[in-house]
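Next come the chains, spelled out residue by residue.
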Amino acid sequence: MLFRSFFVKDTGNKVSRKSQIIGTQNIILGGKSVIQAEVIIRGDLVRTLDAPAGTEKKAPVVAVAIGRYCFLSRGCVLKPPGRVMKGYVLSGQATAFVI
């Protein structure tokens, strides 16, 4: 494994330069995790929650949370959970038809 092909963060996370991480503001890495090439993490598919009545602030939303010492191997795809409703998969902003 060449360390030139990885970003090494101060928390010990090693992230491949060839991985695709989308919506980084909604992703939490626990520390000392390895994300290999061709991994796709979709933080942009976040559910939007309405603020309770009487409050103006929205609660911080996390789409994907990865714990400590996790190893995401080549070709892995992580997305927030979705649900099937009347033949459609609802996952944040994306919708796909299920046969």
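The preceding data block contains the structure.
Report follows, based on the coordinates. A quick note: this is a predicted structure, and the numbers were derived from the prediction, not measured. (Residues numbered from 1 in each chain as written. Predicted model: local features only at pLDDT ≥ 70, side-chain atom pairs only at ≥ 80, totals over all residues. Heavy atoms only, no water.)

1. Here we look at the overall build of the protein
Secondary structure assignment for the protein yields zero helices and twelve strands. Reading the helices (α) and strands (β) of the protein from amino to carboxyl end gives β-β-β-β-β-β-β-β-β-β-β-β. Among the 99 residues that make up the protein, the fraction classed as buried is 26%. (Helix = DSSP H or I, 4+ residues; strand = E, 2+ residues; numbered from the N terminus. Buried < 20%, exposed > 50% of the residue type's maximum accessible area, 1.4 Å probe, protein only.)

2. A short note on the sheet that holds strand β3 (residues 20–22)
Ordered by their spatial adjacency, three strands build an open sheet running β3-β6-β9, and the pairing between neighbours is parallel. Whereas interior strands pair on both sides, the edge strands pair on one side only; in this sheet they are β3 and β9 (77–78). Two elements, strand β6 (residues 40–42) and β9, share two bridges in a ladder whose sense is parallel. The residue bridging Ile41 from the neighbouring strand is Leu78, located in β9. (Pairing = 2+ DSSP bridges.)

3. Some words on the packing of aromatic side chains
A ring pair, where both rings are aromatic, is described by two values, the distance of the centres and the angle of the planes. A complete count under the given rule lists zero aromatic pairs for this structure. The positively charged end of Lys9 is found above the aromatic ring belonging to Phe7, 5.3 Å away from the centroid. Above the face of the Phe7 ring, Arg17 is positioned so that its terminal group lies 4.2 Å from the ring centre. (Phe/Tyr/Trp six-rings, centres within 6.5 Å; stacked < 30°, edge-to-face > 60°. Lys NZ or Arg CZ within 6 Å of the ring centre and 35° of its normal.)

4. Quick word on the environment of Ser33
Following the sequence through the fold, Ser33 ends up in the loop between β4 (27–29) and β5 (34–35). Given the relative accessible area of 2%, Ser33 is considered buried. Setting aside residues up to four positions removed in sequence, Ser33 forms contacts with Gly12, Asn13, Lys14, Ile66, Gly67, Arg68, Tyr69 and Cys70. (Contact = heavy atoms within 4.5 Å.)

5. A short note on the side chain of Asn13
Locating Asn13 in the fold gives a position in the loop between β1 (6–8) and β2 (14–16). A distance of 3.1 Å separates a polar atom in the side chain of Asn13 from the backbone nitrogen of Lys32. A distance of 3.0 Å separates a polar atom in the side chain of Asn13 from the backbone nitrogen of Ser33. If near-sequence neighbours (up to four positions away) are discounted, Asn13 is found in contact with Phe7, Val8, Leu29, Gly31, Lys32 and Ser33. (Polar contact = N/O pair within 3.5 Å; in protein donor to acceptor, adjacent residues only side chain to side chain.)

6. A look at the pattern of salt bridges
With the rule as written, the count across this model stands at two salt bridges. Between Arg74 and Glu38 there is a salt bridge, and its shortest N-O distance comes to 3.4 Å. Separated by 36 residues along the polypeptide, Arg74 in the loop between β8 (71–72) and β9 and Glu38 in the loop between β5 and β6 bring together distant segments of the chain. Residue classification places Glu38 among the partly exposed positions, given a relative accessible area of 49%. For the salt bridge of Asp44 with Arg42, the shortest nitrogen-to-oxygen distance reads 2.9 Å. Owing to a relative accessible area of 23%, Asp44 belongs among the partly exposed residues under this scheme. Classification of Arg42 by relative accessible area gives partly exposed; the value is 25%. (Salt bridge = Lys/Arg side-chain N within 4 Å of Asp/Glu carboxyl O.)

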